[in-house]
Amino acid sequence: MSRTGLALRALSLWIHGASADPTPDYDIASPTYDDYFTSVMGPHSVSLLDRVRISPGDAVVELACGTGHLTEEIVRRLDGRGRLAVVDKSPGMLAVARGKVAHRPGLELSFAEGDMEDFLRRQPTDSADLVVIGWAICYSQPVRLLRDVRRVLREGGQVAVIETRSTALSTLREAFEQVVADDPSMLTSLIRVSLPKSEQVLGKWFRKAGLDPVILDQGAQELPIASVAEAMDWVERSGAGAGFRDSFDISREEEIRARLGEALEEYRREHGALGLRHTFVLGVARHRVARATPGAASSGATEPRGTAPDAAAPDAAA
Ligand SMILES: C[S@@+](CC[C@H](N)C(=O)[O-])C[C@H]1O[C@@H](n2cnc3c(N)ncnc32)[C@H](O)[C@@H]1O
């Protein structure tokens, strides 16, 4: 079957609104996620928190907390005072997160299971100093989500986002594409993720939502994967293949795995290595502080540390 066949299949699924839910795969990956994803990408997530202001007493919202790697870090920085409300859709991921953080009397800590957009809609207006979204804005309509983030943030409050770029792990993506191009009937729904091409795209999302970007950056991490077997392991255990179970005809799981392995092996033979590189963007934006009128009291807002993006940089397309 050709790529045209795949395109037609994808179009038909798109028309029928068949979107894959990543939750079953995250539930399965939850016991191994930290050993695979967090141990390699976690330091980059923490570097995002190093670039925002979190003070004891702050009110923080974390969307899609996963296994709670960032949750733990936020709790440490709040130092027993303030409020932290987190949400995730996967019961498995949430259970790991719950086990990581100890409740402290001065800290109001709540874990919710559910969709982050619904959760955010229930948060009061002007109620948060910081909203954190680690590796999950892709599961939303980013501008719509960020508009609601802006509503929830207090004046001068910040949102911090880290996300995989659309260029990441191209070897894996191409191998998946080859497998479904060979037999589009394997595809039962579409994995719809909004991955930014560059940090400029993240900046564009911020601005469209009425937020002022104060840090826009990018990075890359080579994955410690040499063999096809390790790559297959990574896909399942790190959550990188999230959406797979709901988007492929799972009754043909063994066949799909075998074909994916073959496609990766072919790539490795041709290129001498799998070259799995996880490229990502990170950004911090601020709910604009109303300009002080001469003689009015200062808002007290402080400039976060980091590199201010070039305000004149053109917005790249997603
Ligand atoms: C790649 S993990 C990131 C987890 C964590 N933030 C971290 O930094 O490791 C993506 C998480 O997003 C969650 N997720 C995906 N779609 C979601 C949604 N619509 N609402 C809430 N959580 C969602 C998944 O269950 C998963 O735990």
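This report concerns the structure included in the present document. Because the structure is a prediction, the values reported are computed rather than measured. (Residues numbered from 1 in each chain as written. Predicted model: local features only at pLDDT ≥ 70, side-chain atom pairs only at ≥ 80, totals over all residues.)

Another aspect to go through is the overall build of the protein chain. Helix and strand counts for the protein chain come out as 12 helices and seven strands. Evaluated residue by residue, the protein chain yields a buried proportion of 42% over its 318 residues. Restricting to contacts in the protein chain with at least 6 residues of sequence separation, those with at least 24 account for 84%. (Helix = DSSP H or I, 4+ residues; strand = E, 2+ residues; numbered from the N terminus. Buried ≥ 20, exposed ≤ 12 C-beta atoms within 10 Å, placed from the backbone. Contact = placed C-beta atoms within 7 Å.)

Strand order in this open sheet of seven strands is β3-β2-β1-β4-β5-β7-β6, and the pairing throughout is mixed. Bordering the open sheet on either side are β3 (107–113) and β6 (211–222), each of which pairs with just one other strand. Shown here is a sheet whose adjacent strand axes are inclined to one another by a mean of 10°, direction ignored. Strand contacts of helix α9 (residues 199–208): β5 (153–164), β6 and β7 (277–287), with the helix running at about 155° to β6, the strand carrying the most contacts. (Pairing = 2+ DSSP bridges. Axes fitted to C-alpha atoms, helices over the stretch in contact; angles between N-to-C directions.)

As a further point, take helix α12 (residues 253–271). Since the α-helix advances by 3.6 residues per turn, residues separated by three or four positions end up pointing in the same direction. Between its first and last C-alpha atoms α12 spans 27 Å; for 19 residues at 1.5 Å apiece the expected length is 27 Å, and the two agree. Buried residues of α12: Leu260, Ala263, Leu264 and Tyr267, and no others. Down the axis of α12, the buried set is contained in an arc of 95°. They therefore lie on one face. Residues of α12 that are exposed and point over 90 degrees away from its buried face: Glu254, Ala258 and Arg269. Turning to α12, the residues buried within the fold contact α8 (170–182) and α10 (228–237). (Expected span 1.5 Å × (residues − 1). Arc of directions from axis to C-beta.)

Regarding helix α7 (residues 142–152), the residues found buried are Pro142, Leu145, Leu146, Val149, Arg150 and Val152. In a view along the axis of α7, the buried residues occupy a sector of 160°, so they form one face of it.

Let us now look at the pairing of strand β2 (residues 82–88). Note on strand geometry: in a regular strand, side chains alternate between the two faces of the sheet. With respect to burial, β2 is a largely interior element, six of its seven residues being buried. The parallel pair strand β1 (residues 59–63) and β2 is bridged by helix α4 (residues 69–78), and the resulting crossover is right-handed. Handedness of the crossover joining β2 and β3 through helix α5 (residues 91–98): right-handed. (Right-handed = clockwise from strand over helix to strand, strands pointing away.)

Moving on: the site of the ligand. In the region of the ligand, 22 residues are neighbours, and Ala64, Gly66, Ser90, Gly134 and Tyr139 sit closest. Those elements that provide at least two residues to the shell around the ligand are α2 (23–29), α3 (33–49), α4 and β2. When the residues that make up the shell around the ligand are grouped by side-chain class, the tally is 11 nonpolar, eight polar and three charged. (Near = placed C-beta within 6 Å. Nonpolar A, V, L, I, M, F, W, Y, C, P; charged D, E, K, R; others polar.)

Here we come to the packing of α3 against α4. One way to put it is that α3 packs onto α4 with a least axis distance of 9 Å and a crossing angle of 40°. Here α3 lies oblique to α4, going by the angle between them. Crossing angle aside, the handedness with which α3 passes α4 is right-handed. Between α3, through Asp34, Thr38, Gly42, Ser45, Val46 and Leu49, and α4, the contact on the second element is made entirely by His69, Leu70, Glu73, Ile74 and Arg77. Looking at the contact of α3 with α4 residue by residue, the class counts come to four nonpolar, four polar and three charged. (Parallel < 35°, antiparallel > 145°, perpendicular 65-115°, else oblique. Left-handed = near helix turned anticlockwise from the far one by under 90°.)

Relative orientation of the contacting elements α10 and α12 amounts to 130°, with a least axis distance of 10 Å. Classed by the angle they form, the pair α10 and α12 counts as oblique. Crossing of α10 over α12 shows right-handed handedness. Of the residues in α12, those touching α10 at Val228, Ala231 and Met232 are Arg257, Gly261, Leu264, Glu265 and Arg268.

What follows covers the environment of leucine 187. If you trace the backbone, leucine 187 turns up in the loop between α8 and α9. For leucine 187, a count of 22 C-beta atoms within 10 Å puts it in the buried group. Distance from leucine 187 to serine 247, taken between C-alpha atoms, is 5.8 Å for residues 60 residues apart in sequence.

What follows concerns the pairing of β5. Of all 12 residues in β5, nine are buried; the element is thus mostly enclosed. Taken together, the six bridges between strand β4 (residues 128–134) and β5 define a ladder with parallel strand orientation. Paired with glycine 134 across the two strands is isoleucine 162, which belongs to β5. With α7 bridging β4 and its parallel neighbour β5, the resulting β-α-β unit is right-handed. Direction of pairing for β5 relative to β7: antiparallel, over a ladder of seven bridges. Within the sheet, the bridge partner assigned to glutamine 158 lies in β7 and is arginine 286.

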